Amino acid sequence: MSKALVIGGDRIEGIKQVLHAQGIDKIDHWTGRKPGDVKRELPVNVNVIVLVTGWLNHSMMYRIKHVAHKRGLKVVYTRNSADGMQRVLEAA
């Protein structure tokens, strides 16, 4: 079972559909707007992290990128669109 964590954005239904089509069964979503979100611990069983760049501050993106690199996780950057997400996944 594959799991993704989407951080940022409000309406991510399109991104969820693209991830499901790529075989990802479980998707968690953090809005990234709560003050404590920067300090949240990443789930252990995540395979890929999707950062919706238009909705995140720099400190959140830096921290997530740093922690993901230490764990060897794949990080995908996209704007809040399913089409953009599809192109990024196809290129990877």
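Residues numbered from 1 in each chain as written. Predicted model: local features only at pLDDT ≥ 70, side-chain atom pairs only at ≥ 80, totals over all residues. Heavy atoms only, no water.

Counted only if it meets this: UniProt positions are given in the numbering used here, feature names are shortened, and annotations may be inferred rather than shown by experiment.
The protein appears in an unreviewed UniProt entry as DUF2325 domain-containing protein from Methylophilus glucosoxydans. According to the UniProt record, the Sequence similarities (unreviewed entry) comment for the protein reads "Belongs to the UPF0751 family."

### Section: helix α2 (residues 58-71)
Convention followed: In this text, helices come from DSSP runs of H or I with a minimum length of four residues, and strands from runs of E with a minimum of two, each type numbered from the N-terminal end. A helix is expected to span 1.5 Å multiplied by its residue count minus one. Working definition: with a 1.4 Å probe on protein chains only, accessible area under 20% of the residue-type maximum means buried, over 50% means exposed, and in between means partly exposed. Note that the arc is computed from the directions linking the helix axis to the C-beta atoms. Residues are treated as being in contact if the distance between any of their heavy atoms lies within 4.5 Å.
End to end, α2 covers 20 Å across 14 residues, agreeing with the expected 20 Å (1.5 Å per residue, within 8%). When we look at burial in α2, the residues that qualify are Met60, Met61, Arg63, Ile64, Val67 and Ala68. Down the axis of α2, the buried set is contained in an arc of 165°. They therefore lie on one face. Of the exposed residues in α2, those oriented more than 90 degrees away from the buried face are His58, Tyr62, His69 and Lys70. Packed against the buried residues of α2 are β1 (3-7), β2 (26-30), β3 (48-52) and β4 (74-78). Downstream of α2 by a residue or two, glycine 72 has a phi angle that is positive, lying close to 75°.

### Things to note about the pairing of β4
The test is simple: We treat two strands as partners when DSSP finds at least two bridges between them. Consider the strands pointing away from the viewer: the crossover is right-handed when the path from the first strand over the helix to the second runs clockwise.
With 5 bridges joining them, β3 and β4 adopt parallel strand pairing. By the bridge assignment, valine 50 is partnered in β4 with valine 76. In the classification by handedness, the crossover that spans β3, the intervening α2 and the parallel β4 is right-handed.

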